[in-house]
Amino acid sequence: MIEVRPYDTLGHANHGWLDARHHFSFAHYYDPSRMNWGSLRVWNDDTIAPGTGFGTHPHENMEIITYVREGAITHQDSLGNKGRTVAGDVQVMSAGAGIRHSEHNLEDVTTRIFQIWIMPNQAGHAPSWGARAFPKDDRAGKFFTLASGFQNDGDALPIHADARVLGATLRKNQIADYHLGTERLAYLVVAKGSVEIEGRKISEGDGAALSEIDILKVGALTDAEVVLVDTAG
């Protein structure tokens, strides 16, 4: 099954420095039918103006994955971590028992990110942060695991959840397969271009809630970039 959620139906909040679209209920946006998808709780599509950002604030018991689409984001936290993550790369913050952090666009260009929150498999993990540059060629024409709660997923950034975050870049007419399994759920968002799944077109910024699919086939209608979360139901 597939439910396409067009970009213009998402929750929307424009704070001037931050223009945010919410795939799930978040802050002042509430939709009881869009509270979560399995353990996926938040997927925000954020556009952050140059020289602005999120001041220091707390989190706990949430796995927070940031996928940078354009520009760069600079992170600093109460554990002493500091790092700059650029377009196409990923950072993961496991909030665990508690952490305070800030995220700023220190660039002179607009930054665009997906911020993805996944509920952990248990409360109270030790908090941590990490970032990784992923070779772009490894995502060409296939899904590449960016963050994972499974130990056999190689160099993926670790998260404390029964979930994976994957990315893929596709040339027009390429098809990428992913073995999801009918008992799992997935949520896919198109970062660039447009794709087709089961005869349904999904355009840039749109989301797709997927279920009861064994082998997921994503066909590129244009050159495209997609991000996918695979989660327990």
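Analysis parameters
- Residues numbered from 1 in each chain as written.
- Predicted model: local features only at pLDDT ≥ 70, side-chain atom pairs only at ≥ 80, totals over all residues.
- Heavy atoms only, no water.
- Core = buried A, V, L, I, M, F, W, Y, C linked by side-chain atoms within 4.5 Å.
- Buried < 20%, exposed > 50% of the residue type's maximum accessible area, 1.4 Å probe, protein only.
- Helix = DSSP H or I, 4+ residues; strand = E, 2+ residues; numbered from the N terminus.
- Contact = heavy atoms within 4.5 Å.
- Phe/Tyr/Trp six-rings, centres within 6.5 Å; stacked < 30°, edge-to-face > 60°.

J.: For the nonpolar core, give the residues involved together with the corresponding values.
T.: Counting residues in each nonpolar core, the largest one holds 26 residues, and the members touching the most others are W43, I65, I116 and I118. Elements represented by at least two residues in this core include exactly β4 (40-48), β6 (63-70), β9 (90-94), β11 (111-118), β13 (144-148), β15 (163-170), β17 (184-192) and β22 (224-232). Discounting residues that sit within four places of it in the chain, I116 has contacts with L40, V42, W43, E63, I64, I65, V165, V227 and V229. Listed in part, the 24 residues of the second largest apolar core include A176, A208, I213 and L216.

J.: Describe the packing of aromatic side chains, with residues and values.
T.: Counted according to the given criterion, the structure contains 8 aromatic pairs. With centroids separated by 5.4 Å and ring planes inclined at 85°, the aromatic side chains of F26 and W117 adopt a geometry described as edge-to-face. Here the residue F26 occupies a position in the loop between β3 (18-22) and β4, and W117 occupies one in strand β11, the gap between them amounting to 91 residues. Residue F26 is classed as partly exposed on the basis of its relative accessible area of 23%. W117 gets classed as buried once you look at its relative accessible area, which sits at 15%. Relative to F114, the ring of W43 has its centre 5.6 Å away and its plane inclined at 70°; by these criteria the two rings are edge-to-face. Highlighted residues: W43 in strand β4 and F114 in strand β11, separated in sequence by 71 residues. The exposure classification of W43 matches that of F114, with both residues buried.

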